[in-house]
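Coordinate inspection notes
If you want the building blocks of each chain, they are given just below.
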Amino acid sequence: MPALERELTALLDPRRVLHTPDALLAWECDGFTVHRGRPRAVVLPDSTVEVQSVLRLLHREQVPFVPRGAGTCLSGGPTAERDAVVVDCSRMREVLEISTADLYAVVQPGVVNLDLSAATHGHGLHYAPDPSSQSVCTIGGNLAENSGGPHCFKYGMTTDHVLGAVVVLPDGSIARLGDAAGPRPPHSLDLAGVFCGSEGTFGIATEITVRLCRNPEAIRTILASFGSMAAACRTVSRIVATGLVPAALEILDAATIKAVEASVYRAGYPEDAAAVLLVELDGPADVLAEEAVEVAAIARENGALRLEEATDPAERKRLWKGRKGAFGAMGRLNTDLYVLDGVVPRTRLEDALDGIGQIAARHGVVLTNVFHAGDGNLHPNISFDGRDPEQTARVTAAGREILELCVALGGSITGEHGVGREKIDYVPMMFRPDDLAVMARVRAVFDPDGRCNPGKVLPQRGACAEPAKWPQMVARVLDIEAGEDRA
Ligand SMILES: Cc1cc2nc3c(=O)[nH]c(=O)nc-3n(C[C@H](O)[C@H](O)[C@H](O)COP(=O)(O)OP(=O)(O)OC[C@H]3O[C@@H](n4cnc5c(N)ncnc54)[C@H](O)[C@@H]3O)c2cc1C
């Protein structure tokens, strides 16, 4: 056994240090299967102290590392580059504290998103950010990705719900960011806010303090089906324009409906519809009664074919089952799924979907759409066989064009899935060299050696440079980019 692996084994129980090729297979990629990278080793710490001892050793040996939660990321974020060691936080899954009076919880990073809401449900509370992967993904991964979800249209993204975090920095030191142990909002520099969305490049969060929300008094869930995608999109714009703030506004296209209905996630969606729109309203019961009437009227005015409303919690669960299981249902179409994540202004949804359809046809790829319509956050999904390099090349070329289209329409290359490895070459579509230079400087404050999740988020000139050359490299990137910008 190599010396580093021997030392790691001395720090943790040997069963929590994996280093044989077979054992490492499961950590080769995340939900973005186009890109793979086998780590040098995987460690599974149980506590902040264990994470600290591992990072101190890796710092001494100048070995790169990658934090990991459940591996549901769709942009290659927790995939190892440069023979890195994966620090898998999935065993750190204790809810450490729930304050029902001050409405916060302190959790370890491996706590599964839905488990937190289950733990607080009895107190009439829940954790609002709800990625569709919420039955699997972890709060640590949510923090690193600034994750969203269907209900983020009303309640905001993860960053709106994180109060603080205990973080082990790449040199093994520990920092408390924000208010890591209580309900106060940031009173100085909002470093928890800076950490949120850093995609595992600033250190490893080992305790996270999040806001809890009171469960709403009532919920109304309505499914509207349409004969055209354009009518569904117009309905969304109308609902928002009237001043209504539904908790969720989600659209599935015809191909997605068919895949869902043929799968175990079958939800009774009308298979003859070109699109279905799932609208959820929450709040005081009497207010919702009026809002539900208003939503139904807007849907009808915009050509809804049918309207269905859940009459009890089981019906609501059924209507959501199809939406939450949509990505899983795509497993019926092919072996791999490339889930794209672009944003356009809500009013450009129709244009974007038309353009996306044309791109898919030009590249001959099978594409379905399921998306957070309220936020203009699109998820075009391309089903393909990842064992076929020619097919994979067409899929990635189509993906790039789709994200270029989103930017051209005034949107962005990511709404919630992060840049990771997937979109690292696309970042300059959105940010000027000066913007990237600031980001590189901030990153270098947390990770001066460039060992924390290298090769992610920020494009680097000479990306395969030695870790020790990171500070010079940052300086070079800044010089080169600034020079180019001036040219
Ligand atoms: C079916 C499906 C549906 C999805 N739906 C949504 C959705 O609705 N909204 C949405 O936003 N996302 C969605 N996602 C994407 C994904 O679930 C989220 O990005 C999620 O937050 C990742 O959590 P994870 O625990 O799997 O993290 P991982 O995938 O393991 O890691 C994600 C990133 O976080 C870093 N990281 C992990 N733990 C830590 C830590 N403790 N400290 C520092 N960095 C860390 C990793 O290095 C990596 O860069 C979906 C994914 C799937 C497969």
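What you see is a predicted model, and the numbers here were worked out from it, not measured in a lab. (Residues numbered from 1 in each chain as written. Predicted model: local features only at pLDDT ≥ 70, side-chain atom pairs only at ≥ 80, totals over all residues.)

With respect to the overall build of the protein
Tallying secondary structure elements over the protein gives 16 helices and 20 strands in all. Dimensions along the principal axes, computed over C-alpha positions, put the protein at roughly 65 × 55 × 45 Å. The 487 residues of the protein split such that 49% are buried. Looking at the protein alone, contacts between residues at least 24 apart form 71% of all its contacts between residues at least 6 apart. (Helix = DSSP H or I, 4+ residues; strand = E, 2+ residues; numbered from the N terminus. Buried ≥ 20, exposed ≤ 12 C-beta atoms within 10 Å, placed from the backbone. Contact = placed C-beta atoms within 7 Å.)

Re the sheet that holds strand 8 (residues 162-168)
Pairing within the open sheet is antiparallel, and its five strands lie in the order 5-6-10-8-9. Lying at the two open borders of the sheet, with one neighbouring strand each, are strand 5 (95-99) and strand 9 (174-178). Adjacent strand axes in the sheet meet at a mean angle of 10°, parallel and antiparallel pairs treated alike. The strands touched by helix 3 (residues 48-60) are strand 8, strand 9 and strand 10 (204-211); relative to strand 8, the strand with the most contacts, the crossing angle is about 45°. (Pairing = 2+ DSSP bridges. Axes fitted to C-alpha atoms, helices over the stretch in contact; angles between N-to-C directions.)

Description of the packing of helix 1 (residues 3-11) against helix 3
Orientation of helix 1 relative to helix 3, taken along the N-to-C sense of each, is 160°, at an axis distance of 10 Å. As far as their axial angle goes, helix 3 and helix 1 are roughly antiparallel. Relative to helix 3, helix 1 is oriented so that their crossing is right-handed. Counted together, E7, L8 and L11 of helix 1 and S53, V54 and L57 of helix 3 form the full contact between these two elements. Here the residues of the contact of helix 1 with helix 3 are counted per class, giving four nonpolar, one polar and one charged. (Parallel < 35°, antiparallel > 145°, perpendicular 65-115°, else oblique. Left-handed = near helix turned anticlockwise from the far one by under 90°. Nonpolar A, V, L, I, M, F, W, Y, C, P; charged D, E, K, R; others polar.)

Some points on the sheet that holds strand 2 (residues 41-43)
Spatially, four strands are ordered 1-2-4-3 in an open sheet, and the strand pairing comes out mixed. Each edge of the open sheet carries a strand with a single partner, namely strand 1 (17-18) and strand 3 (65-68). Note: strand 1 against strand 2, two bridges, orientation antiparallel. Looking at the pairing, V17 lines up with V43 of strand 2.

Concerning the pairing of strand 13 (residues 248-253)
Within strand 13, six of the six residues are buried, leaving the element largely enclosed by the surrounding structure. What you see with strand 13 is no split at all: A248, E250 and L252 on one side and L249, I251 and D253 on the other are buried throughout. Direction of pairing for strand 13 relative to strand 14 (residues 275-283): antiparallel, over a ladder of six bridges. The residue of strand 14 that forms the bridge with D253 is A275. Sheet topology note: the strand 13/strand 18 (residues 366-372) ladder contains three bridges and is antiparallel. Its bridge partner lying in strand 18, E250 is registered against H372.

Considering the environment of R346
Here R346 is to be found in the loop between strand 17 (342-343) and helix 13 (349-363). On the basis of neighbour count, R346 is assigned to the partly exposed category, with 18 C-beta atoms found within 10 Å. Taking the C-alpha atoms as reference points, R346 and C233, separated by 113 residues in sequence, lie 8.2 Å from one another.

Quick look at the domain arrangement of the protein
Interfaces are frequently sized by the accessible area removed from exposure as the parts join. Domain annotation of the protein identifies domain 1 (3-88), domain 2 (95-214), domain 3 (218-328), domain 4 (337-368 + 377-408) and domain 5 (427-486). Here the C-alpha centre of domain 4 lies 24 Å away from the C-alpha centre of domain 3. Facing 11 residues of domain 3, the contacting portion of domain 4 comprises nine residues. Per element, the largest residue contribution to the side of domain 3 that touches domain 4 is six residues, and it comes from helix 8 (residues 229-241). Each residue belonging to the side of domain 3 that touches domain 4 can be placed in one class, and the counts come to eight nonpolar, two polar and one charged. (Domains from an automatic or database assignment.)

Quick look at the packing of helix 13 against helix 14 (residues 389-408)
Where helix 13 meets helix 14, the axes come as close as 10 Å, and the angle between the chain directions of the two elements is 160°. Put simply, helix 13 runs roughly antiparallel to helix 14. The element helix 13 and its partner helix 14 pack so that their crossing is right-handed. Counted together, A352, G355, I356, I359, A360 and H363 of helix 13 and R394, A397, A398, E401, I402, L405 and C406 of helix 14 form the full contact between these two elements. Split into classes, the residues belonging to the contact of helix 13 with helix 14 amount to nine nonpolar, two polar and two charged.

Here's the deal with helix 4 (residues 113-121)
Along helix 4, the positions that sit buried rather than exposed are N113, L116 and T120. Looking straight down helix 4, one finds that the buried residues subtend no more than 60° of arc, so they occupy a single side. (Arc of directions from axis to C-beta.)

Section: the confidence of the model for the protein
Predicted confidence across the protein gives a mean pLDDT of 92, with 93% of residues reaching 70 or more. Of the regions scoring below 50 in pLDDT, residues 462-487 engages in 36 contacts with residues more than four places distant in sequence or in other chains. (pLDDT = per-residue confidence, 0-100.)

Considerations on helix 14
Its 20 residues place the ends of helix 14 29 Å apart at the C-alpha level, agreeing with the 28 Å of an ideal helix rising 1.5 Å per residue. Within the sequence span of helix 14, burial applies to V395, A398, G399, I402, L403, L405 and C406. Each buried residue of helix 14 sits inside an arc of 150° when the element is viewed along its axis, so together they form one side. Opposite the packed face of helix 14, turned more than 90 degrees from it, sit the exposed residues P389, E390 and A393. Buried positions along helix 14 lie against strand 16 (336-339), strand 17, helix 13 and strand 20 (380-384). Immediately downstream of helix 14, the backbone of G410 shows phi near 95°, a positive value. (Expected span 1.5 Å × (residues − 1).)

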